[in-house]
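# Chains, contacts and geometry: an overview
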Amino acid sequence: MLHLYKLVLSLHIAAGLTGLAAFWTPAFARKGGPTHVKVGRVFYKATCVVALTGLALAALVLLAPLAVHPRAATLTAAQFAAAATQDRLSALFLVYLVIITFAPVYHGVRVLETRGTPERMRTPFHTALGIAGIAAAGGMIVLALVAREPVFAALSPIGFLSGRGNLRFARQPYASRMAWWYEHMGSMLGGGIAFHTAFLVIGAGRLLGTQLSGFAAVVPWILPSLVGIPATAIWVAYYRRRFNEAGRTSAASVVARSA
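Residues numbered from 1 in each chain as written. Predicted model: local features only at pLDDT ≥ 70, side-chain atom pairs only at ≥ 80, totals over all residues. Heavy atoms only, no water.

## Some thoughts on the overall build of the protein chain
Selection rule: To qualify as a helix, a DSSP run of H or I must reach at least 4 residues; to qualify as a strand, a run of E must reach at least 2; elements of each kind are numbered from the N terminus. Here's how the labels work: a residue is buried when its accessible area is under 20% of the maximum for its type, exposed when over 50%, partly exposed in between, all with a 1.4 Å probe on protein chains only. Residue contacts are counted whenever heavy atoms from the two residues lie within 4.5 Å of one another.
Of the regular secondary structure elements, the protein chain holds nine helices and zero strands. Starting at the N terminus and walking to the C terminus, you meet the elements of the protein chain as α-α-α-α-α-α-α-α-α. Relative to its full complement of 259 residues, the protein chain shows a buried share of 45%. Once local pairs closer than 6 in sequence are excluded, the contacts in the protein chain between residues at least 24 apart make up 74%.

Here it is as structure tokens:
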């Protein structure tokens with residue numbers, strides 16, 4: 001079990017690093033150009049692998065927490081039980097991270113594929129993913145109370161806003177001719193924010209062997225959002241002006257749906 005866990009973890013980290021590298025090229029490449037399209041597909045595929053391996057890691061921990069995270073044999077039975085519970089709570093949090101990372105990227109891809117026909121987005125999978133985000137957001141509040149981790153509750157609005165926004169966008173007329181463009185861009189950037197948050201919180205510590213404490217421990221959770229959300233608003237506003245739609249679709253509303 002431990003060897004399988006390490007193998008899946010290696011794939012998960014490799015896909016995460018690939019996604020991080022691939023994110024920046026489409027973000028700055030000419031929109032709709034060959035580079036944007038090709039590397040954007042790499043980013044999407046990396047996101048899919050991150051999601052699948054993340055769910056696999058969570059499943060392994062939920063099934064056998066002490067097998068994949070061995071503890072010293074000197075622990076008491078109560079300490080073993082407490083460690084197993086903590087690992088399972090962390091696994092549930094990983095599931096939430098998977099949802100808030102994959103959902104905006106998948107939604108952004110579907111927006112691009114369907115463009116002016118939002119009804120084509122209303123597939124069972126798209127709907128289930130939106131509902132899962134909302135349900136998982138509620139679960140994070142419960143998990144925060146059980147695990148006594150306020151950050152879980154602090155992150156719960158992301159799943160709710162993303163899930164609700166994605167469902168609404170697929171079920172109402174577009175506010176403007178280029179609304180699909182802003183939604184695609186906001187969603188992909190939202191996925192990028194989640195990617196960087198997960199990397200700073202989970203991946204960087206494992207790769208660099210560092211453990212932050214005190215206020216510094218909060219920085220990885222909030223830094224990507226502090227940078228990414230204003231950048232998304234500025235970027236969307238730029239394209240609204242470029243398409244002469246500055247008075248129609250609010251950049252803030254796009255960010256709120258994608259955050």
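## Topic: the nonpolar core
As a reminder of what qualifies: Residues belong to one nonpolar core when they are buried, are Ala, Val, Leu, Ile, Met, Phe, Trp, Tyr or Cys, and are joined through side-chain atoms within 4.5 Å.
Judged by nonpolar contacts, the single largest core of 25 residues is most densely connected at Phe43, Trp181 and Tyr182. The leading source of residues in this core is helix H7 (residues 179–208), at eight residues. Each residue touching Trp181, except ones within four places of it in the same chain, is listed here: Lys31, Tyr239 and Phe243. Membership of the second largest hydrophobic core comes to 14 residues, among which are Leu89, Phe93, Ile100 and Leu155.

## Here we look at the packing of aromatic side chains
The relation between two aromatic rings is expressed through the spacing of the ring centres and the mutual angle of the planes. Put simply, the test is: Each Phe, Tyr or Trp ring, with Trp reduced to its six-membered ring, pairs with another whose centre is within 6.5 Å; inter-plane angles below 30 degrees give stacked pairs, above 60 give edge-to-face pairs, and intermediate values give tilted ones.
The full count for this structure, using the stated rule, is 14 aromatic pairs. Summarising the aromatic geometry, the rings of Tyr106 and Phe125 are spaced 5.0 Å apart at their centres and angled 85 degrees between planes, so their arrangement reads as edge-to-face. You can see Tyr106 sitting in helix H4 (residues 77–114) and its partner Phe125 sitting in helix H5 (residues 124–147), a full 19 residues away along the chain. Between the aromatic rings of Tyr239 and Phe243, the centroid separation amounts to 6.0 Å while the plane-to-plane angle is 35 degrees, which identifies the pairing as tilted.

## So, a nonpolar patch on the surface
Which entries qualify depends on this criterion: A patch consists of residues whose relative accessible area exceeds 30% and which take part in no salt bridge; residues with like charges are grouped when within 9 Å of each other, and nonpolar side chains (Val, Leu, Ile, Met, Phe, Trp, Tyr) when within 5 Å. Values of accessible area rely on a 1.4 Å probe in the Shrake-Rupley scheme; residue burial ignores everything except the protein chains shown. The term salt bridge refers to a pairing of a side-chain nitrogen on Lys or Arg with a carboxyl oxygen on Asp or Glu at a separation within 4 Å.
Nonpolar side chains collect at one region of the surface, where Leu200, Val218, Val219, Ile222, Leu223, Leu226 and Val227 lie side by side and expose about 540 Å² of accessible area between them. Residue contributions to the nonpolar patch peak at five residues, all from helix H8 (residues 219–242). Structurally, the position occupied by Ile222 is in helix H8. The exposure class assigned to Ile222 is partly exposed, which follows from its relative accessible area of 35%.

## With respect to H8
Keep this limit in mind: Take the residue count of a helix, subtract one, and multiply by 1.5 Å to get its expected span.
Relative to the 34 Å expected for 24 residues at 1.5 Å per residue, H8 spans 34 Å between its end C-alpha atoms, a close match to the ideal helical length. Within H8, burial applies to Pro220, Trp221, Pro224, Gly228, Thr232, Val236, Ala237, Tyr239 and Arg240. A positive backbone phi angle near 60 degrees is found at Asn244, which sits one or two residues after H8.

## So, the side chain of Ser156
Relative to the helices and strands, Ser156 resides in helix H6 (residues 150–169). For Ser156, a relative accessible area of 6% gives the class buried.

## Overview of the pattern of salt bridges
On inspection of all chains with the given rule, the structure shows two salt bridges. One salt bridge in this structure joins Arg71 and Asp87, with 2.9 Å as the shortest N-O distance. Taken together, the residues span a long stretch of sequence, with Arg71 in the loop between helix H3 (65–68) and H4 and Asp87 in helix H4 at a distance of 16 residues. The shortest N-O distance in the salt bridge between Arg110 and Glu113 comes to 2.8 Å. Taken together, the residues span about one helical turn, with Arg110 and Glu113 both in helix H4 at a distance of three residues.

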